[in-house]
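# Remarks on the overall topology
Next come the chains, spelled out residue by residue.
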Amino acid sequence: MSTAMNFGSKSFKPRAPDKGSFPLDHFGECKIFKETFMKCLRDNSFDNAKCRLQSKDYLECRMENQLMAKEPMEKLGFKDLMEPPPSQADGDTKP
């Protein structure tokens, strides 16, 4: 019975959610992007490597609508899908 009297021995300390935990899209702000991504996965036997562009678009939508923390796309593994800087895109190489 002594365990019932130990309410004060441990205190609850709230902590921030783990990385990857983010609010649900209750208002459907990114629903079209999610559905496009899910269709791509179904069409490609759930091979997510074939749906990276759709995944990038979905994550960008979530960040723009404050449904997840803003992160550089390079940090999320999309460095190869990023547009090169304008000076490199033109093929303009200056010595």
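Just above sits the structure.
Here is a short report on the structure shown in this document. On a predicted model such as this, the values are computed, not experimentally measured, just so you know.

Take the packing of helix H1 (residues 31–43) against helix H2 (residues 52–64) next. H2 packs onto H1 with a crossing angle of 160° between their chain directions and a minimal axis gap of 9 Å. Judged by the inter-axis angle, H1 sits roughly antiparallel to H2. Classified by chirality, the crossing of H2 by H1 is left-handed. Of the residues in H2, those in contact with Phe33, Lys34, Thr36, Phe37 and Cys40 of H1 are Gln54, Ser55, Asp57, Tyr58 and Cys61. Taken together, the residues that form the contact of H1 with H2 break down as five nonpolar, three polar and two charged.

Under the definition given, this model contains five salt bridges. A salt bridge links Arg52 to Asp80, with the shortest nitrogen-to-oxygen separation between them at 2.8 Å. Remark: Asp80 occurs in the loop between H2 and helix H3 (86–89) and Arg52 occurs in helix H2; sequence separation between them is 28 residues. Given the relative accessible area of 24%, Arg52 is considered partly exposed. Its relative accessible area of 55% is what places Asp80 among the exposed residues. We note a salt bridge from Lys75 to Glu71, for which the minimum N-O separation is 3.4 Å.

Under the criterion given, the structure shown has two disulfides. In this model Cys30 forms its disulfide with Cys61; the gap between the sulfur atoms is 2.1 Å. The sign of the S-S torsion, about -95°, decides the handedness of the disulfide formed by Cys30 and Cys61: left-handed. In this pair, Cys30 is assigned in the segment before H1 and Cys61 in helix H2, connecting sequence segments 31 residues apart.

Rules and cut-offs
Note that residues are indexed from 1 along each chain, following the sequence as it is written. Side-chain atom pairs in this predicted model are given and counted only at pLDDT of 80 or more, local residue features only at pLDDT of at least 70, and totals for whole chains, interfaces and linings cover all residues. Think of the side-chain values as coming from all heavy atoms in the structure, minus any hydrogens and water. Angular values range over 0 to 180 degrees, each being the angle between N-to-C directions of two axes fitted as lines to C-alpha atoms, with helices fitted over their stretch in contact. By the criteria applied, helices consist of DSSP H or I runs no shorter than four residues and strands consist of E runs no shorter than two, each listed in order from the N terminus. Angles below 35 degrees are treated as roughly parallel, those above 145 as roughly antiparallel, those between 65 and 115 as roughly perpendicular, and all remaining angles as oblique. Here is the rule for handedness: rotate from the far helix to the near one, and if that takes an anticlockwise turn smaller than a right angle the crossing is left-handed, while a clockwise turn gives right-handed. Here a residue-residue contact requires only that any non-hydrogen atoms of the pair lie within 4.5 Å. Any residue outside Ala, Val, Leu, Ile, Met, Phe, Trp, Tyr, Cys, Pro, Asp, Glu, Lys and Arg is labelled polar, Gly included; the first ten of those are nonpolar and the last four are charged. Each salt bridge in this description consists of a side-chain nitrogen of Lys or Arg and a carboxyl oxygen of Asp or Glu lying within 4 Å of one another. Note on exposure labels: buried denotes an accessible area under 20% of the residue type's maximum, exposed denotes more than 50%, and partly exposed covers the range between, all computed with a 1.4 Å probe on protein chains only. Two cysteine sulfurs form what is called a disulfide whenever their separation falls within 2.5 Å.

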